[in-house]
Amino acid sequence: MTDCGRIAILGGGSWATAIAKMVLDKVDRISWYIRRDDRIEEFKKLGHNPAYLTMVHFDTNRIHFSSDINEIVKESDTLILVTPSPYLKNHLKKLHVNLQNKFIITAIKGIVPEENVSVSEYLHKIYGVPDENLAVIGGPSHAEEVALERLSYLTIGCVDTQKADVFATMLRSRFIKTSVSADVLGIEYSSVLKNIYAICAGICNGLNYGDNFQAVLMANAAQEMNRFLYTINPLDRNVIDSVYIGDLLVTGYSNFSRNRVFGTMIGKGYSVKSAQLEMEMIAEGYYGTKCIKEINRYHHVNMPIVDAVYNILYEHSAPAIEIKLLTDSFR
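Note that the structure is predicted; figures quoted are calculated from it, not measured.

### Overview of the overall build of the protein
For the protein, the helix and strand inventory stands at 15 helices and ten strands. In summary, the protein has a C-alpha radius of gyration of 19 Å against a globular reference of 20 Å for 331 residues, a match within 12%. Once the C-alpha set of the protein is aligned to its principal axes, its extents read approximately 55 × 40 × 40 Å. Within the structure as shown, the protein displays about 14400 Å² of accessible surface, and the carbon and sulfur contribution to it stands at 48%.

### Comments concerning helix H5 (residues 119-127)
Residues of H5 that are buried include every one of Val119, Ser120, Tyr122 and Leu123, and no others. End-on, the buried residues of H5 take up no more than an arc of 160 degrees, which puts them together on one face. Looking one or two residues beyond H5, the residue adopting positive phi is Gly128, at roughly 65 degrees.

### Description of the state of the cysteines
Summed over the entire model, instances satisfying the criterion amount to zero disulfides. There is no disulfide at Cys4, and the cysteine sulfur nearest it, in Cys158, is 11 Å away. Given a relative accessible area of 7%, Cys4 falls into the buried group. We note that Cys200 lacks a disulfide partner, and the nearest cysteine sulfur, in Cys204, lies 4.4 Å from it. Since its relative accessible area comes to 0%, Cys200 is described here as buried.

### Some details on the environment of Ser317
Tracing the backbone through its elements, the reader meets Ser317 in the loop between helix H14 (304-314) and helix H15 (319-329). With a relative accessible area of 22%, Ser317 lands in the partly exposed category. Every residue in contact with Ser317, bar those within four places of it in the chain, is listed here: Asn311, Ile312 and Glu322.

### Considerations on a nonpolar patch on the surface
On the surface, a nonpolar cluster with roughly 260 Å² of combined accessible area is contributed by Met55, Leu148 and Phe256. Along the chain, the position of Phe256 falls in the loop between helix H10 (242-253) and helix H11 (258-267).

### Let's talk about the side chain of Asn233
Relative to the elements of secondary structure, Asn233 occurs in the loop between helix H9 (211-232) and H10. Not counting residues up to four positions away in its chain, the partners in contact with Asn233 are Asp183, Leu185 and Gly186.

### A few points about the sheet that holds strand E9 (residues 152-158)
Reading across the sheet, the eight strands line up as E3-E2-E1-E4-E5-E8-E9-E10 and stay open at both edges, with mixed pairing between neighbours. The two strands at the open ends of the sheet, each matched to only one other strand, are strand E3 (63-66) and strand E10 (176-181). Each adjacent strand pair in this sheet contributes to an overall mean axis angle of 20 degrees, direction not counted. As judged from the six bridges shared by E9 and E10, these two strands associate in the parallel manner. Across the sheet, Leu154 pairs through a bridge with Thr178, a residue of E10. Sitting on the sheet, helix H7 (residues 161-171) touches strand E1 (7-10), strand E4 (78-81), strand E5 (103-106), strand E8 (134-138), E9 and E10, and the angle it makes with E10 is about 175 degrees.

### Observations concerning the nonpolar core
Ranked by size, the top nonpolar core spans 51 residues in total, and within it Leu193, Tyr197, Leu217, Phe228, Phe262, Ile292 and Leu313 carry the most contacts. Contributions of two or more residues to this core are made by helix H8 (184-206), H9, H10, H11, helix H12 (272-278), helix H13 (284-296), H14 and H15. Top element by residues in this core is H8. It accounts for twelve residues. Sequence-distant contacts of Tyr197, defined by excluding residues within four places in its chain, comprise Met218, Ala221, Glu224, Met225, Leu248, Met303, Ile305 and Val306. By size, the runner-up hydrophobic cluster in this structure holds 43 residues, among which are Ala16, Ile40, Ile80 and Ala168.

### Focus: the pattern of salt bridges
Summed over all chains, the structure comprises twelve salt bridges. Lys21 serves as the salt-bridge partner of Glu149, at 2.8 Å between the closest nitrogen and oxygen. In this pair, Glu149 is assigned in the loop between helix H6 (143-147) and E9 and Lys21 in helix H1 (residues 14-24), connecting sequence segments 128 residues apart. Look at Lys21 and you get buried, because its relative accessible area is 11%. Where salt bridges share partners, they join Lys21, Glu149 and Arg174 into one cluster.

Here is what the cut-offs are and how they apply
- What you see as residue numbers is a count from 1 along each chain, following the sequence as written.
- Owing to the predicted nature of the model, reporting of local features is limited to residues with pLDDT of at least 70; listing and counting of side-chain atom pairs is limited to 80 or more, with chain, interface and lining totals taken over all residues.
- Hydrogen atoms and water are omitted, and side-chain values are computed over all heavy atoms in the structure.
- Only DSSP runs of H or I covering at least 4 residues are called helices, and only runs of E covering at least 2 are called strands; the numbering of each starts at the N terminus.
- It is over C-alpha atoms that the radius of gyration is taken, and the globule rule equals 2.2 Å times the number of residues to the power 0.38.
- Areas reported as accessible are Shrake-Rupley estimates using a 1.4 Å probe. Residue values count occlusion only from the protein chains shown.
- Partly exposed describes any residue whose relative accessible area lies between the buried limit of under 20% and the exposed limit of over 50%, with all areas from a 1.4 Å probe on protein chains only and scaled to the type maximum.
- The arc in question is traced by the directions running from the helix axis to the C-beta atoms.
- Cysteine sulfur pairs qualify as disulfides if the two atoms are within 2.5 Å.
- Residues are treated as being in contact if the distance between any of their heavy atoms lies within 4.5 Å.
- For patch detection, residues must exceed 30% relative accessible area and be free of salt bridges, and they are connected within 9 Å for like charges or within 5 Å for nonpolar side chains (Val, Leu, Ile, Met, Phe, Trp, Tyr).
- Take a side-chain nitrogen of Lys or Arg and a carboxyl oxygen of Asp or Glu: if they are within 4 Å of each other, that pair is a salt bridge.
- When DSSP finds at least two bridges between two strands, those strands are taken to pair.
- Every angle, taken between N-to-C directions, lies between 0 and 180 degrees, and every axis is a line fitted to C-alpha atoms, over only the stretch in contact when it is a helix.
- Among buried residues, the Ala, Val, Leu, Ile, Met, Phe, Trp, Tyr and Cys ones that are joined through side-chain atoms within 4.5 Å form a nonpolar core.

Purely spatial values, then, with no claim about function.
Below, the structure is given as structure tokens:
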């Protein structure tokens with residue numbers, strides 16, 4: 001693969017919008033699948049996404065919008081998936097187009113619910129996409145900072161690192177630096193775990209734990225992440241690389257982190273449902289917590305932070321009690 005060919009973005013949220021901005025800085029035209037026709041019409045009229053990152057303006061003449069996923073996929077060579085993980089299966093069920101010859105990049109930071117596999121595993125298993133045609137975008141990066149053109153670093157993972165490098169090169173700009181990796185599963189699962197740990201950081205923030213404890217929490221989260229990644233996919237990776245610990249830190253500390261905000265609300269006494277209703281965007285870590293908990297039933301990795309968050313979110317345990325038990329296990 002010498003270039004990415006015709007590029008399509010599937011998804012209409014903030015990260016999809018940020019990725020569209022990056023791609024359109026380098027190519028003349030993209031296709032963009034957005035589920036709702038009314039949202040597409042608003043986008044065309046306003047020149048920006050009406051619901052997310054409204055400060056980013058687009059030349060909509062360079063975008064082929066459609067709410068027909070088959071139309072968008074059929075005409076494209078490279079697909080960038082940016083739908084929330086809970087909705088991915090329903091979107092893909094509408095597809096009649098063969099995916100096996102597409103280069104698919106997942107920017108979805110979640111597990112496929114009920115299947116309890118990463119997005120790349122799901123696409124390989126259900127749609128027969130070869131591993132060499134599956135890639136993943138890793139952080140650390142918040143969509144809001146990409147929109148503001150603040151310096152951000154992305155890692156593109158693919159077992160075919162030559163293909164990863166083609167896409168990484170296309171994304172590079174004065175405010176985007178990129179690198180490549182072969183660790184697709186490690187990047188995917190670490191992006192799920194860091195959302196769970198950010199929820200925990202938020203819960204602790206809501207309970208008025210300070211910066212000293214947050215640092216200990218993040219250190220223990222990095223160790224827990226390393227144990228799980230090695231069990232799932234025992235590669236010779238370095239968890240202190242920015243795609244792992246950098247993404248963990250920015251998601252755990254940043255005010256842009258929806259998972260941290262969600263956790264803070266839980267720590268302050270909101271119920272899960274009331275916190276979800278008040279937030280305008282999905283906290284992927286809520287769904288990821290249950291998926292990782294179920295996956296770990298088969299692997300038995302020591303994961304006290306995931307267990308604590310699961311107990312709070314799904315077993316209705318009191319946050320103050322669960323976090324106190326967690327603090328006693330840290331050193």
